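Structural description and commentary
As a plain string of letters, each chain reads:
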Amino acid sequence: MKRGLQGNEQEDGGGTSSGSQETLKRSRKQRREKDLEEEEEEEEEEGARWECLPQEILLHIFQYLPLLDRAHASQVCRGWNQAFHMPELWRCFEFELNQPASSYLKATHPDLIKQIIKKHSNHLQYVSFKVDSSRESAEAACDILSQLVNCSLKTLGLISTARPSFMELPKSHFISALTVVFVNSKSLSSLKIDDTPVDDPSLKVLVANNSDTLKLLKMSSCPHVSPAGILCVADQCHGLRELALNYHLLSDELLIALSSEKHVHLEHLRIDVISENPGQQFHTIKKSSWDAMVRHSPKFNLVMYFFLYEDEFGPFFRDEIPVTHLYFGRSVSKDVLGRVGLTCPRLVELVVCANGLRPLDEELIRIAQRCTQLSAIGLGECEVSCSAFVEFVKMCGDRLTQLSIMEEVLVPDHRYGLDDIHWEVSKHLGRVWFPDMMPTW
């Protein structure tokens, strides 16, 4: 009997020990499951925080991403995909169209272009095309332009990264594509179409649909546009504030139109004076036309780029001209630079890339005396004595904010050598200055 009782007790004790072990196992399992649940909750909360970022912050982040990275990010979650398709993200876009065989630049993927045209063309407002020198890329740009029928662009820029590729297209094909934008936009304010076959009739379409909104027009090197065509733009687009064109399009009539009472004050007028063939003849603009322009827009900037041969400067700088920024891309004579000092009282910036081997001492001093607003100058392949250069800096004083002079330009004389001229110039400028080792303009 005792042995039976003891056996039962041992069995009961063993059962109790086995039960506690099972309880302990269950408790550990529950603890592990709870820990896993907490980790999952933390991960979900962390993911939720990214997912719940305000759309304006996501938009700001996406704007800094390259297009391809932006497309990849849109596949992360539903919220990011929605951000990818926000209209605000597609208001400003640059199409990069390059052929791999002729360009090292990355191109916008064709599938992305199709998606943009299909889903976001009506959101586009600020568009530019960066095109390499191939005809295929220019044709692709025209194909995209011809599909922008549901958008209302505010700015359009056609940029050739190498030689002008748009000029190789059939004129009718280019004009047809461009006219689609002109007709459908209705609120175009900025147009940059340098080196393109745009013509007078297409400019009339531009004016007919966007005359109240156009403020900037850049169309240098557009051989099919006549002075009458650009005059039509000036007569109708009274809000025009910036204009860039070739000198052959500039006329007395155009300046008078820009100076009329109904026209707003012009802010920038850029003129490219380019010689296509040696000995080319250039017309003269009357001083009275420039005077009318200054009276109407006294603060406007006249920027002129000269790429002429020395014997082609005859019509220029004979009378006073209100140029503010003057750039000589080819060699210019001492005589012409001397006339600049006499006829350009509003000059603010002067860059001379080359002159020859005759010192420009007198010409530089004259410019310092007459051009009292001059604040920036750059000299390349020229010669100036160190003494004359120091005198020039003394006369201009601390108004010279930009002084880019190649070291080869300065000729040592009895007063100053190359080793100590920078100290003298720095003293008069009020800051440390050294000659440039290479052109900075």
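See the structure above.
The rules behind the values
Residues numbered from 1 in each chain as written. Predicted model: local features only at pLDDT ≥ 70, side-chain atom pairs only at ≥ 80, totals over all residues. Heavy atoms only, no water. Buried < 20%, exposed > 50% of the residue type's maximum accessible area, 1.4 Å probe, protein only. Helix = DSSP H or I, 4+ residues; strand = E, 2+ residues; numbered from the N terminus. Contact = heavy atoms within 4.5 Å. Pairing = 2+ DSSP bridges. Core = buried A, V, L, I, M, F, W, Y, C linked by side-chain atoms within 4.5 Å. Salt bridge = Lys/Arg side-chain N within 4 Å of Asp/Glu carboxyl O. 1 Å grid on protein atoms, 1.4 Å probe; cavity = no way out; pocket = protein on both sides within 12 Å on 5 of 7 lines; lining within 4 Å. Points joined across faces, edges and corners; volume = space filled by probe spheres on them. Nonpolar A, V, L, I, M, F, W, Y, C, P; charged D, E, K, R; others polar.

For the rest of this paragraph, the subject is helix α13 (residues 361-370). Of all the residues in α13, the buried ones are E363, L364, I365, I367 and A368. Looking at the buried positions of α13, the neighbouring elements they touch are α12 (334-343), β10 (349-354), β11 (376-381), β12 (384-385) and α14 (386-396).

Where a strand is regular, its side chains alternate between the two sheet faces. The side-chain alternation of strand β1 (residues 92-97) yields one buried face, formed by F93, F95 and L97, and one unburied face, formed by C92, E94 and E96. Judged from the 6 bridges that link them, β1 and strand β2 (residues 126-131) form a sheet pairing that is parallel. Across the sheet, F95 pairs through a bridge with F129, a residue of β2.

Counting 125 residues, the largest nonpolar core has F129, L156, F317, F328, F389, F392 and L403 as its most contacted members. With 7 residues, α14 is the single largest residue contributor to this core. Contact partners of F328, with chain neighbours within four places excluded, come to F306, F313, F317, V336, L337, V340, L350, V351, V352 and C353.

Below, the discussion takes up the pattern of salt bridges. Inspection of every chain in the model, using the stated rule, returns 9 salt bridges. Across the salt bridge formed by K334 and E363, the nearest N and O atoms sit 3.0 Å from each other. Of the two residues, K334 sits in helix α12 while E363 sits in helix α13, which places them 29 residues apart along the sequence. Owing to a relative accessible area of 9%, E363 belongs among the buried residues under this scheme. The partner of E424 in a salt bridge is K427, and the shortest N-O contact between them spans 3.2 Å.

Below, the discussion takes up the layout of surface pockets. Volume-wise, the largest pocket comes out at about 430 Å³. Lining the largest pocket are 15 residues, and of these P66, L67, L68, E96 and T108 lie nearest its centre. Taken together, the residues of the lining of the largest pocket sort by class into 8 nonpolar, 2 polar and 5 charged. Sorting the residues of the lining of the second largest pocket by element identifies α5 (110-120) and α6 (135-146) as the ones contributing at least two each. By residue class, the composition of the lining of the second largest pocket is 8 nonpolar, 6 polar and 2 charged.

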